[in-house]
Amino acid sequence: MQAIGIDIGGTNIKGVLVNGNGALLQEMQCKTNGKETSGWKKAVADMLQRLRQKATGENIPVGLSAPGLASHNNDCIKLMPGRLEGLEHFIWTDYLQTPTWVLNDAHAALMAEATFGAGKGYRHIVLLTLGTGVGGGIMINGVLHQGLLNRAGHLGHITLNADSDICDVTRMPASLEDAIGDCTIERRSFGKFTSTRELVQAYKEGDTIASYVWLHAVQRLAVALCSFINTLSPEIIILGGGIAQAGDYLFKPLDHFMDIFEWRHSGIRTPVVQAVFDEYSGAAGAAGFALHKTLPH
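Residues numbered from 1 in each chain as written. Predicted model: local features only at pLDDT ≥ 70, side-chain atom pairs only at ≥ 80, totals over all residues. Heavy atoms only, no water.

**Comments concerning the overall build of the chain**
When its secondary structure is counted, the chain shows nine helices and 12 strands. For 297 residues, the compact-globule estimate of 2.2 N^0.38 gives 19 Å, and the chain sits close to it at 19 Å. Overall, the chain is about 55 × 45 × 35 Å in size when its C-alpha atoms are taken along their principal axes. Every one of the 297 residues in the chain was classed for burial, and the buried ones make up 52%. Taking as baseline every contact in the chain between residues at least 6 positions apart, the subset at least 24 positions apart corresponds to 58%. Surface summary for the chain: the accessible area is close to 14100 Å², and the carbon and sulfur share equals 51%. The averaged location of the 28 negative side-chain charges in the chain is 3 Å from the averaged location of its 24 positive side-chain charges. (Helix = DSSP H or I, 4+ residues; strand = E, 2+ residues; numbered from the N terminus. Rg over C-alpha atoms; globule rule 2.2 N^0.38 Å. Buried < 20%, exposed > 50% of the residue type's maximum accessible area, 1.4 Å probe, protein only. Contact = heavy atoms within 4.5 Å. Areas by Shrake-Rupley, 256 points an atom, 1.4 Å probe, with all protein chains shown as cover. Lys, Arg positive; Asp, Glu negative; His and termini not counted. Charge placed at Lys NZ, Arg CZ, Asp CG, Glu CD.)

Below you can see the structure in the form of C-alpha cells.
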C-alpha cells in the first residue's frame, strides 16, 4: 500500500510518496510564499498531481499536515491565527477532489515515527519536537490522541514553575518551551548566544556559560519527561526537531538527569530516543495518518 503526505510550512511545502514500510519513494518541495494564498494552495494541488503520477495503484490515501489545530473530523485546520492566511477552515478534500486527512504538524511528526520510525511497534508513545518552540504528540493504544478541540499534545506548554512571572505564548508560566526552545535562547544565555546550535557548539568546547545554560535546560527537559511518564506511562519517548540533532550532547546528560528523576517502578526505565525522520517528518506523518484512517485495524 502506498500513501501521499504533504506538509505545509511557513517556508516550504514538502511532499512524499511512501510505501507501507515507510520508504520515501518520492520527495518533493517548493517555497510556500505564504502571502499569496492562491499560489500556495495551487502548489499543494500541483504537488499532489505530480506525486500521484509516480504512484502505483488507485485510490492512494492522502494526508496533509500544517501548523494549527485540526477540526474534530480532521478535514481542515480549524485554528491558525496570524500565519498562512486562508488556511483556517479550508476544506482540502473539496479543493483537491480526493479524501484528504488533515492534522497538526507536530501530530504528524508523531505519526511518522509511530507508523514508520522509532515508534513502530509501540502502542503508547510520547513525542516532542524541540526547535524554535516545543511541540508534541501522544499516542494511546495505537491511536493518535487529539482530545477536545484536537488540542492534545501541546507538551511544550506545561509549567515547570507556577510561581514564575514569565509566561509563554499560551500564558503558561515557566513553560518547557521557554526552558529549552530556541525562542528564549538569548534571554536564557544572558544575551551571549542567538541559537541553540551556537550554544551547543560552545558547550562542546567547554564554555562555562554555555555549559550552565545547556545543562540547566536539559535538566528541565528531564523533569518534564518524567512528569509525562508519571501521567501517561508511555512505552517510549521520542525527541525530534533541530535541538535533538545535538545527539549525544543532548541524550547523554539527559540520561543522567533521568536517572535522578524518573520513577522506575519494578526497575523499568522508559527509553528516550532520537526521531528517525527529520526534514520530511510532517509529510511522512501525514501519509501515515492517512494510512491509519483508511486501512482496517
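**Description of the sheet that holds strand 10 (residues 143-144)**
Remark on secondary structure: sheet strands pair via backbone hydrogen bonds, oriented parallel or antiparallel. Strand order in this open sheet of five strands is 10-9-8-11-12, and the pairing throughout is mixed. Looking at which strands have only one partner, the edges of the open sheet turn out to be strand 10 and strand 12 (272-274). When strand 11 (residues 236-240) meets strand 12, the two strands line up parallel, connected through three bridges. Residue pairing in the sheet places Ile237 in a bridge with Val272 of strand 12. (Pairing = 2+ DSSP bridges.)

**As for helix 1 (residues 37-54)**
For helix 1, which comprises 18 residues, the first-to-last C-alpha distance of 27 Å matches the rise-based estimate of 26 Å (1.5 Å per residue) to within 8%. For helix 1, the secondary structure elements touched by its buried residues are strand 1 (2-8), strand 2 (12-19), strand 3 (24-31), strand 4 (62-66) and helix 2 (92-96). (Expected span 1.5 Å × (residues − 1).)

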